[in-house]
There are 2 protein chains.
Amino acid sequence: MACMDADAQQALARLIRTVRIAMLGTLRNGAPNVSMVAYLCAPDFASFWLRLSRLAWHTQDMALDARISLAICETDDGRADPQTLARVTLRGEAAQIPAEGPEFERLKRAWLARFPESAVTFELADFSFWCIAPRDARFVAGLGRTFNLSAADLAAAAAHRG
Amino acid sequence: MACMDADAQQALARLIRTVRIAMLGTLRNGAPNVSMVAYLCAPDFASFWLRLSRLAWHTQDMALDARISLAICETDDGRADPQTLARVTLRGEAAQIPAEGPEFERLKRAWLARFPESAVTFELADFSFWCIAPRDARFVAGLGRTFNLSAADLAAAAAHRG
(Lines give C-alpha, C1' and ligand atoms only; values in the text may rest on other atoms or scores of the structure.)
Protein backbone atom coordinates (compact mmCIF):
# COMPACT_ATOMS: atom_id res chain seq x y z
CA MET A 1 0.00 0.00 0.00
CA ALA A 2 1.63 3.24 -1.18
CA CYS A 3 1.94 6.36 0.95
CA MET A 4 -0.17 9.36 0.02
CA ASP A 5 1.58 11.91 -2.16
CA ALA A 6 0.77 15.62 -1.88
CA ASP A 7 -1.98 15.33 -4.52
CA ALA A 8 -3.73 12.57 -2.60
CA GLN A 9 -3.37 14.48 0.68
CA GLN A 10 -4.90 17.55 -0.91
CA ALA A 11 -7.75 15.52 -2.40
CA LEU A 12 -8.48 13.98 1.00
CA ALA A 13 -8.46 17.36 2.74
CA ARG A 14 -10.79 18.78 0.10
CA LEU A 15 -13.16 15.82 0.38
CA ILE A 16 -13.44 16.03 4.18
CA ARG A 17 -13.84 19.83 4.22
CA THR A 18 -16.26 20.11 1.28
CA VAL A 19 -18.81 17.40 2.04
CA ARG A 20 -21.41 18.02 4.78
CA ILE A 21 -23.01 14.63 5.28
CA ALA A 22 -21.51 11.27 6.16
CA MET A 23 -22.84 7.76 6.48
CA LEU A 24 -22.47 6.36 9.98
CA GLY A 25 -22.13 2.63 10.54
CA THR A 26 -23.16 1.32 13.97
CA LEU A 27 -23.87 -2.08 15.43
CA ARG A 28 -27.55 -2.93 15.90
CA ASN A 29 -28.23 -6.32 17.45
CA GLY A 30 -24.79 -7.36 16.23
CA ALA A 31 -25.47 -6.42 12.60
CA PRO A 32 -24.26 -3.34 10.73
CA ASN A 33 -26.62 -0.40 10.36
CA VAL A 34 -25.88 2.62 8.17
CA SER A 35 -27.55 6.01 8.55
CA MET A 36 -26.96 9.59 7.42
CA VAL A 37 -25.48 12.23 9.71
CA ALA A 38 -24.24 15.78 9.33
CA TYR A 39 -20.68 16.30 10.58
CA LEU A 40 -18.18 18.93 11.58
CA CYS A 41 -14.45 18.21 11.82
CA ALA A 42 -11.51 19.69 13.66
CA PRO A 43 -8.93 21.54 11.52
CA ASP A 44 -6.43 18.72 12.16
CA PHE A 45 -8.95 15.92 11.40
CA ALA A 46 -8.35 14.48 14.89
CA SER A 47 -12.02 14.90 15.87
CA PHE A 48 -15.29 14.58 13.99
CA TRP A 49 -18.44 15.80 15.71
CA LEU A 50 -22.04 14.74 15.19
CA ARG A 51 -25.16 16.24 16.72
CA LEU A 52 -27.63 13.48 17.43
CA SER A 53 -30.92 12.82 19.13
CA ARG A 54 -30.94 10.04 21.70
CA LEU A 55 -34.19 8.95 20.08
CA ALA A 56 -32.34 8.01 16.87
CA TRP A 57 -31.34 4.40 16.27
CA HIS A 58 -27.65 5.20 15.70
CA THR A 59 -27.45 7.03 19.04
CA GLN A 60 -29.02 4.09 20.87
CA ASP A 61 -26.57 1.79 19.06
CA MET A 62 -23.51 3.82 20.08
CA ALA A 63 -24.65 3.97 23.69
CA LEU A 64 -24.46 0.15 23.74
CA ASP A 65 -21.33 -0.31 21.57
CA ALA A 66 -19.15 2.69 20.75
CA ARG A 67 -17.49 1.13 17.69
CA ILE A 68 -18.40 3.05 14.54
CA SER A 69 -17.41 3.64 10.96
CA LEU A 70 -17.94 7.02 9.31
CA ALA A 71 -17.84 7.24 5.53
CA ILE A 72 -17.59 10.52 3.64
CA CYS A 73 -18.25 10.31 -0.09
CA GLU A 74 -17.79 12.90 -2.80
CA THR A 75 -21.15 14.19 -4.04
CA ASP A 76 -22.20 12.34 -7.18
CA ASP A 77 -21.85 14.83 -10.03
CA GLY A 78 -23.29 12.49 -12.66
CA ARG A 79 -19.90 11.56 -14.13
CA ALA A 80 -19.71 8.54 -16.44
CA ASP A 81 -18.18 6.22 -13.82
CA PRO A 82 -19.35 6.67 -10.22
CA GLN A 83 -16.60 4.29 -9.07
CA THR A 84 -14.16 7.17 -9.53
CA LEU A 85 -15.85 9.23 -6.79
CA ALA A 86 -13.47 9.87 -3.90
CA ARG A 87 -14.45 8.54 -0.47
CA VAL A 88 -12.90 7.96 2.90
CA THR A 89 -13.97 5.66 5.71
CA LEU A 90 -12.93 6.51 9.26
CA ARG A 91 -13.00 3.94 12.05
CA GLY A 92 -12.97 4.46 15.76
CA GLU A 93 -15.16 4.85 18.81
CA ALA A 94 -17.82 7.47 19.47
CA ALA A 95 -18.17 9.29 22.80
CA GLN A 96 -20.92 11.63 23.99
CA ILE A 97 -19.83 15.16 24.95
CA PRO A 98 -21.26 16.90 28.04
CA ALA A 99 -23.54 19.83 27.18
CA GLU A 100 -21.62 22.41 29.21
CA GLY A 101 -18.29 24.16 29.51
CA PRO A 102 -16.12 26.14 27.10
CA GLU A 103 -15.53 23.19 24.72
CA PHE A 104 -19.28 22.76 24.29
CA GLU A 105 -19.77 26.49 23.69
CA ARG A 106 -17.02 26.60 21.05
CA LEU A 107 -18.47 23.55 19.37
CA LYS A 108 -21.99 24.97 19.45
CA ARG A 109 -20.83 28.16 17.71
CA ALA A 110 -18.95 26.21 15.04
CA TRP A 111 -21.89 23.86 14.51
CA LEU A 112 -24.38 26.71 14.12
CA ALA A 113 -22.04 28.49 11.69
CA ARG A 114 -22.06 25.39 9.49
CA PHE A 115 -25.64 24.22 10.10
CA PRO A 116 -27.71 27.32 11.02
CA GLU A 117 -30.97 25.42 10.43
CA SER A 118 -30.16 23.14 13.37
CA ALA A 119 -30.54 25.88 15.99
CA VAL A 120 -33.70 24.19 17.26
CA THR A 121 -31.66 21.16 18.38
CA PHE A 122 -30.09 23.36 21.07
CA GLU A 123 -33.53 23.86 22.60
CA LEU A 124 -34.35 20.15 22.69
CA ALA A 125 -33.16 18.04 25.61
CA ASP A 126 -32.68 14.87 23.58
CA PHE A 127 -29.88 16.23 21.37
CA SER A 128 -26.19 16.12 22.21
CA PHE A 129 -22.79 16.18 20.54
CA TRP A 130 -20.85 12.99 19.94
CA CYS A 131 -17.16 12.96 19.11
CA ILE A 132 -15.29 10.47 16.97
CA ALA A 133 -11.50 10.39 17.18
CA PRO A 134 -10.49 8.34 14.11
CA ARG A 135 -8.14 5.47 14.96
CA ASP A 136 -7.50 4.73 11.30
CA ALA A 137 -9.00 5.39 7.88
CA ARG A 138 -9.20 4.03 4.35
CA PHE A 139 -9.16 6.55 1.52
CA VAL A 140 -10.21 5.64 -2.01
CA ALA A 141 -9.01 8.56 -4.11
CA GLY A 142 -10.51 6.99 -7.24
CA LEU A 143 -10.52 3.70 -9.06
CA GLY A 144 -7.51 1.67 -7.96
CA ARG A 145 -6.03 4.38 -5.74
CA THR A 146 -6.59 3.19 -2.18
CA PHE A 147 -4.68 4.23 0.92
CA ASN A 148 -4.77 2.82 4.43
CA LEU A 149 -4.23 5.74 6.79
CA SER A 150 -3.24 6.17 10.41
CA ALA A 151 -4.41 9.09 12.54
CA ALA A 152 -1.01 10.67 11.78
CA ASP A 153 -1.64 10.33 8.04
CA LEU A 154 -4.98 12.13 8.52
CA ALA A 155 -3.21 14.93 10.37
CA ALA A 156 -0.67 15.23 7.55
CA ALA A 157 -3.49 15.57 5.03
CA ALA A 158 -5.18 18.17 7.23
CA ALA A 159 -2.12 20.40 6.86
CA HIS A 160 -3.19 20.94 3.24
CA ARG A 161 -5.65 23.66 2.48
CA GLY A 162 -7.85 21.19 0.60
CA MET B 1 -44.96 4.70 13.27
CA ALA B 2 -47.29 5.84 10.48
CA CYS B 3 -47.78 3.98 7.22
CA MET B 4 -46.43 5.55 4.05
CA ASP B 5 -48.91 7.62 2.11
CA ALA B 6 -48.73 7.84 -1.69
CA ASP B 7 -46.43 10.87 -1.52
CA ALA B 8 -43.94 9.04 0.67
CA GLN B 9 -44.10 5.94 -1.53
CA GLN B 10 -43.41 8.05 -4.59
CA ALA B 11 -40.53 9.83 -2.88
CA LEU B 12 -39.01 6.48 -1.89
CA ALA B 13 -39.35 5.07 -5.41
CA ARG B 14 -37.76 8.20 -6.85
CA LEU B 15 -34.88 8.06 -4.36
CA ILE B 16 -34.05 4.42 -5.07
CA ARG B 17 -34.33 4.80 -8.86
CA THR B 18 -32.49 8.13 -9.15
CA VAL B 19 -29.42 7.58 -7.00
CA ARG B 20 -26.56 5.41 -8.35
CA ILE B 21 -24.35 4.90 -5.33
CA ALA B 22 -25.06 3.46 -1.91
CA MET B 23 -23.10 3.05 1.29
CA LEU B 24 -22.67 -0.57 2.30
CA GLY B 25 -22.26 -1.52 5.94
CA THR B 26 -20.48 -4.81 6.63
CA LEU B 27 -18.97 -6.44 9.70
CA ARG B 28 -15.18 -6.33 9.89
CA ASN B 29 -13.67 -8.05 12.92
CA GLY B 30 -17.03 -7.54 14.62
CA ALA B 31 -17.10 -3.78 14.04
CA PRO B 32 -19.11 -1.88 11.43
CA ASN B 33 -17.38 -0.84 8.22
CA VAL B 34 -18.97 1.46 5.64
CA SER B 35 -17.89 1.70 2.01
CA MET B 36 -19.27 3.03 -1.25
CA VAL B 37 -20.81 0.77 -3.90
CA ALA B 38 -22.69 1.24 -7.14
CA TYR B 39 -26.04 -0.56 -7.24
CA LEU B 40 -28.80 -1.73 -9.53
CA CYS B 41 -32.25 -2.68 -8.27
CA ALA B 42 -35.08 -4.86 -9.49
CA PRO B 43 -38.25 -3.06 -10.64
CA ASP B 44 -40.07 -4.40 -7.56
CA PHE B 45 -37.26 -3.45 -5.11
CA ALA B 46 -37.04 -7.12 -4.02
CA SER B 47 -33.39 -7.38 -5.14
CA PHE B 48 -30.46 -4.99 -5.12
CA TRP B 49 -27.34 -6.02 -7.02
CA LEU B 50 -23.74 -4.96 -6.47
CA ARG B 51 -20.72 -5.80 -8.64
CA LEU B 52 -17.72 -6.30 -6.40
CA SER B 53 -14.14 -7.46 -6.46
CA ARG B 54 -13.24 -10.24 -4.04
CA LEU B 55 -10.14 -8.17 -3.29
CA ALA B 56 -12.27 -5.43 -1.71
CA TRP B 57 -12.72 -5.36 2.06
CA HIS B 58 -16.52 -5.38 1.94
CA THR B 59 -16.52 -8.51 -0.23
CA GLN B 60 -14.20 -10.30 2.18
CA ASP B 61 -16.45 -9.17 5.03
CA MET B 62 -19.62 -10.52 3.42
CA ALA B 63 -17.97 -13.85 2.65
CA LEU B 64 -17.48 -14.27 6.41
CA ASP B 65 -20.77 -12.74 7.60
CA ALA B 66 -23.56 -12.05 5.11
CA ARG B 67 -25.37 -9.49 7.27
CA ILE B 68 -25.33 -6.06 5.62
CA SER B 69 -26.95 -2.65 5.65
CA LEU B 70 -27.27 -0.64 2.44
CA ALA B 71 -28.02 3.07 2.69
CA ILE B 72 -29.14 5.17 -0.25
CA CYS B 73 -29.06 8.92 0.30
CA GLU B 74 -30.38 11.74 -1.84
CA THR B 75 -27.53 13.65 -3.49
CA ASP B 76 -26.69 16.75 -1.46
CA ASP B 77 -27.91 19.71 -3.51
CA GLY B 78 -26.50 22.33 -1.13
CA ARG B 79 -29.88 23.10 0.49
CA ALA B 80 -29.90 25.04 3.77
CA ASP B 81 -30.57 22.00 5.96
CA PRO B 82 -28.92 18.72 4.91
CA GLN B 83 -31.00 16.89 7.54
CA THR B 84 -33.96 17.16 5.14
CA LEU B 85 -32.24 14.97 2.53
CA ALA B 86 -34.22 11.78 1.93
CA ARG B 87 -32.49 8.47 2.66
CA VAL B 88 -33.35 4.84 3.08
CA THR B 89 -31.47 2.05 4.83
CA LEU B 90 -32.07 -1.53 3.73
CA ARG B 91 -31.11 -4.48 5.91
CA GLY B 92 -30.66 -8.09 4.96
CA GLU B 93 -28.11 -10.65 3.87
CA ALA B 94 -25.90 -10.59 0.78
CA ALA B 95 -25.35 -13.62 -1.45
CA GLN B 96 -22.89 -14.09 -4.30
CA ILE B 97 -24.42 -14.89 -7.71
CA PRO B 98 -22.86 -17.52 -10.02
CA ALA B 99 -21.28 -16.00 -13.16
CA GLU B 100 -23.28 -18.09 -15.63
CA GLY B 101 -26.78 -18.80 -16.84
CA PRO B 102 -29.63 -16.64 -18.15
CA GLU B 103 -30.06 -14.68 -14.88
CA PHE B 104 -26.41 -13.65 -15.00
CA GLU B 105 -26.66 -12.64 -18.66
CA ARG B 106 -29.77 -10.51 -18.02
CA LEU B 107 -28.09 -8.89 -15.05
CA LYS B 108 -24.90 -8.22 -17.01
CA ARG B 109 -26.87 -6.43 -19.73
CA ALA B 110 -28.78 -4.32 -17.21
CA TRP B 111 -25.60 -3.49 -15.31
CA LEU B 112 -23.74 -2.41 -18.45
CA ALA B 113 -26.70 -0.29 -19.53
CA ARG B 114 -26.49 1.59 -16.24
CA PHE B 115 -22.70 1.52 -15.74
CA PRO B 116 -21.09 1.26 -19.19
CA GLU B 117 -17.69 2.22 -17.78
CA SER B 118 -17.61 -0.99 -15.76
CA ALA B 119 -17.30 -3.25 -18.83
CA VAL B 120 -13.74 -4.11 -17.83
CA THR B 121 -15.01 -5.83 -14.68
CA PHE B 122 -16.51 -8.55 -16.89
CA GLU B 123 -13.01 -9.39 -18.12
CA LEU B 124 -11.54 -9.68 -14.62
CA ALA B 125 -11.88 -12.95 -12.71
CA ASP B 126 -12.09 -11.33 -9.28
CA PHE B 127 -15.41 -9.53 -9.91
CA SER B 128 -18.83 -11.00 -9.32
CA PHE B 129 -22.41 -9.96 -8.65
CA TRP B 130 -23.84 -10.01 -5.16
CA CYS B 131 -27.54 -9.84 -4.43
CA ILE B 132 -29.27 -8.30 -1.44
CA ALA B 133 -32.91 -9.18 -0.80
CA PRO B 134 -34.01 -6.53 1.74
CA ARG B 135 -35.64 -8.04 4.81
CA ASP B 136 -36.73 -4.62 6.08
CA ALA B 137 -35.91 -0.96 5.62
CA ARG B 138 -36.03 2.40 7.33
CA PHE B 139 -36.96 5.42 5.22
CA VAL B 140 -36.34 8.97 6.36
CA ALA B 141 -38.34 11.09 3.95
CA GLY B 142 -37.11 14.26 5.64
CA LEU B 143 -36.81 15.75 9.08
CA GLY B 144 -39.20 13.94 11.42
CA ARG B 145 -40.77 11.77 8.71
CA THR B 146 -39.45 8.28 9.37
CA PHE B 147 -41.02 5.00 8.27
CA ASN B 148 -40.12 1.43 9.22
CA LEU B 149 -40.78 -0.71 6.17
CA SER B 150 -41.26 -4.39 5.46
CA ALA B 151 -40.29 -6.01 2.16
CA ALA B 152 -43.99 -5.72 1.23
CA ASP B 153 -43.90 -1.96 1.91
CA LEU B 154 -40.89 -1.68 -0.42
CA ALA B 155 -42.82 -3.55 -3.11
CA ALA B 156 -45.79 -1.20 -2.66
CA ALA B 157 -43.50 1.80 -3.13
CA ALA B 158 -41.97 0.18 -6.22
CA ALA B 159 -45.40 0.20 -7.87
CA HIS B 160 -45.03 3.98 -8.13
CA ARG B 161 -43.22 5.41 -11.11
CA GLY B 162 -40.97 7.42 -8.79
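You'll find the structure just up there.
Calculation rules
- Here the residue numbers are simple positions, counted from 1 along each chain's written sequence.
- All chains are assigned letters beginning at A, and all ligands numbers beginning at 1, according to the order in which they are written.
- This being a predicted model, a pLDDT of at least 70 is required before a residue's local features are given, and a value of 80 or more before pairs of side-chain atoms are given or counted; all residues contribute to the totals for chains, interfaces and linings.
- Note that the side-chain values use all heavy atoms of the structure and ignore hydrogens as well as water.
- Two aromatic rings, drawn from Phe, Tyr or Trp (for Trp, its six-membered ring), form a pair once their centres lie within 6.5 Å of each other, and the interplanar angle then sorts them: stacked below 30 degrees, edge-to-face above 60, tilted otherwise.
- Throughout this description, buried means an accessible area under 20% of the type-specific maximum (1.4 Å probe, protein chains only), exposed means over 50%, and partly exposed covers the range between.
- Note on conventions: DSSP H or I runs of at least 4 residues are helices, E runs of at least 2 residues are strands, and numbering of each starts at the N terminus.
- What qualifies as a polar contact is a pair of N or O atoms within 3.5 Å, subject to a donor-acceptor requirement within protein and to the restriction that residues adjacent in sequence count only when both atoms come from side chains.
- A contact between two residues is defined here by any heavy atoms of the two lying within 4.5 Å.
- The least-squares superposition of copies is restricted to C-alpha atoms, and to residues with a pLDDT of at least 70 in both copies.
- Take the accessible area each of two parts loses on contact, using a 1.4 Å probe, and add the two losses: that sum is the buried area.
- What makes a salt bridge here is a side-chain nitrogen of Lys or Arg within 4 Å of a carboxyl oxygen of Asp or Glu, nothing more.

**Q** What should I look at first to understand the packing of aromatic side chains in this one?
**A** For the structure shown, the criterion picks out 16 aromatic pairs over all chains. Note on Tyr39 of chain B and Phe48 of chain B: the rings are 6.2 Å apart at their centroids and 40° apart in plane angle, and the pair reads as tilted. Judged by its relative accessible area of 0%, Tyr39 of chain B is buried. Accessibility expressed as a relative area gives 0% for Phe48 of chain B, which makes it buried. Ring centres 4.7 Å apart and planes at 50° place the aromatic pair Trp111 of chain B and Phe115 of chain B in the tilted group. Linked through ring pairs, Phe104, Trp111, Phe115, Phe122 and Phe129 of chain A together constitute an aromatic cluster.

**Q** For this particular structure, what's the right way to read the side chain of Asp61 of chain B?
**A** Residues and elements named next belong to chain B. With respect to the helices and strands, Asp61 occurs in helix H2 (residues 57–64). A polar side-chain atom of Asp61 sits 2.6 Å from a polar atom in the side chain of Arg28. Not counting the four nearest positions on each side in its chain, Asp61 is found in contact with Thr26, Leu27, Arg28 and Asn33.

**Q** Sorry, what's going on with the relation of the copies chain A and chain B here?
**A** Superposition record for chain A on chain B: RMSD 0.0 Å, screw rotation 180°, translation along axis 0.0 Å. What we have between these two chains is a two-fold relation. Across chain A, the rotation axis passes nearest the C-alpha of Pro32 of chain A, at a separation of 2.7 Å.

**Q** Is there a simple way to explain the interface of chain A and chain B in this structure?
**A** It is common to give the size of an interface as the accessible area lost on bringing the parts into contact. The interface of chain A with chain B comprises 39 residues on the first partner and 39 residues on the second. Summed over both partners, the interface of chain A with chain B comes to about 3,400 Å²; 62% of that surface belongs to carbon and sulfur atoms. Together, Arg20, Pro32 and Met36 of chain A form the three largest contributors to the area buried by chain A at its contact with chain B, with a combined 19%. Inspection of the region where chain A meets chain B yields 2 salt bridges. At the boundary of chain A with chain B, the tally comes to 8 residue pairs in polar contact (both at pLDDT 80 or more). Within the residue set of the side of chain A that touches chain B, elements represented by two or more residues are strand E1 (21–28), strand E2 (31–38), strand E5 (67–73) and strand E6 (87–96) of chain A.

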